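Inside the fold
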Amino acid sequence: MLGMVEGTHRNTYAEVDLEVIKQNINAEKKLMDTQQSLFAVVKANAYGHGLVEVSQAAHAAGVDGFCVAIIDEGLKLRSIGLSEMILVLGVNPAAQAVVMAQNNLSATVDSLEFLEDAAVFLRAHKLQLAVHLALDTGMSRIGFRTPAALAAAVTFLKAHQTEFKFEGIFTHFATADSSKADAQAYYRQQLTRFQQLMAVVAEKPRYVHVANSAASLWHREAKGDAVRFGVAMYGLNPSGGDLELPTVFKPALSLSSEIISLRRLAAGESVGYGKTYTAKNDEWIATVPIGYADGWLRRMQGFAVLVAGKSCEIVGRVCMDQIMIRLPQKIAVGTRVTLIGENQGKTITAQDVATYSETIHYEVLCALSERVPRYYN
């Protein structure tokens, strides 16, 4: 089935610097303990940066494995020849154990019932599935919650080594990216809870991993055998600026477009759907071909973009395919418009976009649709 058409004949595009991603990976490696492995988190189209291209760059940088959210992302990585461990972070129905085992994908498991049901499928196909047991220490999302439930799963795995390879065990911190006292206390509570649960695991698997980007940067005591290197791999601060990201990490993505139409409005004339903006003076208004269908959402009305090094407000409602901006003076059709990135010495970051729209930069970049081409250098 065909997806959304990529807009290659429209000068709206994202640029992704793969060398920056490699540099960010190498910077993280220098912060890690030498015995720790690094898993590149490339779920959700590599946080909007491009699954295939980013994964190939991460492979070239020497990562030890990959984390994806859904089986199909893992299958895509296998189809391009990547042989590293690939952990599917989301839980799946037991019947999917077969396709995961057939493609050497590691499964996240959060119930004994999955193991019992999956064993039947795996035995019928003479397959073995690598599993990572998820522990719910406070996210209340997925994972074993009690020592008894975890012990039962570990016992089952030991008794069914033909069907299962006990490869890993992990948890996920909810507040490792915050400096607030209550958040720090909750992080410590989760870490303690993880240690309590791990007490029933007599024989540890190859990978015991707790550190996401935030924990690896600001909670070195979390340790573990591996780091799940996510948003910081793309040069973005997991805390959104609450905690300081080392300056060695650089953003890899920029978002650009151009002026495609220009008009001179007289005072009193209005712009866009709903007549939400009316010119107070004679003004130059430019149209830029990007809108909410591209991931530049309606809430961006009133934000500013950069044109010729100048800040230009988005006026009128963001349309499905276009925005209108107010220029300080007449600027030629074809002039580049920067929505994220640098323009003549001024910069708009993904965090700036997120702060204005009262969200997180993860959402800003994941929202960029397939219609926006990604170009790589």
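In the block above lies the structure referred to throughout.
Note that the structure is predicted; figures quoted are calculated from it, not measured.

1. Some details on the sheet that holds strand E6 (residues 129-134)
- Spatially, the 8 strands close up into a barrel ordered E2-E3-E4-E5-E6-E7-E8-E9, and their pairing is parallel. Put simply, the sheet's adjacent strands are angled 30 degrees from each other on average, direction ignored.
- When strand E2 (residues 37-41) meets strand E3 (residues 65-68), the two strands line up parallel, connected through 3 bridges. Bridging across to E3, Ala40 finds its partner in Phe66.

2. Considerations on the nonpolar core
- Membership of the largest hydrophobic core comes to 118 residues, with the highest contact counts inside it found for Val42, Leu129, Phe164, Trp296 and Ile325.
- Both domains that furnish three or more residues to this core are identified here as domain 1 (18-234) and domain 2 (253-376).
- In this structure, Val42 is in contact with Leu51, Val54, Ser55, Phe66, Cys67, Val68, Leu77, Met233 and Tyr234, ignoring residues within four places of it in sequence.
- The next biggest cluster of nonpolar side chains, apart from the first, holds 7 residues, and it includes Leu265, Val315, Cys319 and Met324.

3. Describing the pairing of strand E4 (residues 85-88)
- Covered by surrounding structure in E4 are Met85 and Leu87 together with Ile86 and Val88, the residues of both alternating faces.
- As defined by bridge partners, E3 adjoins E4 across 4 bridges and the pair is classed as parallel. Its bridge partner being in E4, Cys67 is matched across the sheet by Leu87.
- The parallel pair E3 and E4 is bridged by helix H4 (residues 71-79), and the resulting crossover is right-handed.
- Once you follow E4 into helix H5 (residues 97-102) and on to strand E5 (residues 106-109), the crossover reads as right-handed.

4. Re the side chain of Glu84
- Within the fold, Glu84 resides in the loop between H4 and E4.
- Buried within the structure, Glu84 lacks any salt-bridge partner; its nearest side chain of opposite charge belongs to Arg78, at an N-O separation of 5.6 Å.

5. Description of the packing of helix H6 (residues 112-125) against helix H7 (residues 147-159)
- Where H6 contacts H7, the axes come no closer than 9 Å and their chain directions differ by 20 degrees. Taken together, the axes of H6 and H7 lie roughly parallel to each other. For H6 against H7, the interelement crossing comes out left-handed. Counting all contacts with H6, which are made through Leu112, Leu115, Glu116 and Ala119, the residues of H7 involved are Ala152, Ala153, Phe156 and Leu157.

Cut-offs and rules
- Residues numbered from 1 in each chain as written.
- Predicted model: local features only at pLDDT ≥ 70, side-chain atom pairs only at ≥ 80, totals over all residues.
- Heavy atoms only, no water.
- Pairing = 2+ DSSP bridges.
- Helix = DSSP H or I, 4+ residues; strand = E, 2+ residues; numbered from the N terminus.
- Axes fitted to C-alpha atoms, helices over the stretch in contact; angles between N-to-C directions.
- Core = buried A, V, L, I, M, F, W, Y, C linked by side-chain atoms within 4.5 Å.
- Buried < 20%, exposed > 50% of the residue type's maximum accessible area, 1.4 Å probe, protein only.
- Domains from an automatic or database assignment.
- Contact = heavy atoms within 4.5 Å.
- Right-handed = clockwise from strand over helix to strand, strands pointing away.
- Lys, Arg positive; Asp, Glu negative; His and termini not counted.
- Salt bridge = Lys/Arg side-chain N within 4 Å of Asp/Glu carboxyl O.
- Parallel < 35°, antiparallel > 145°, perpendicular 65-115°, else oblique.
- Left-handed = near helix turned anticlockwise from the far one by under 90°.

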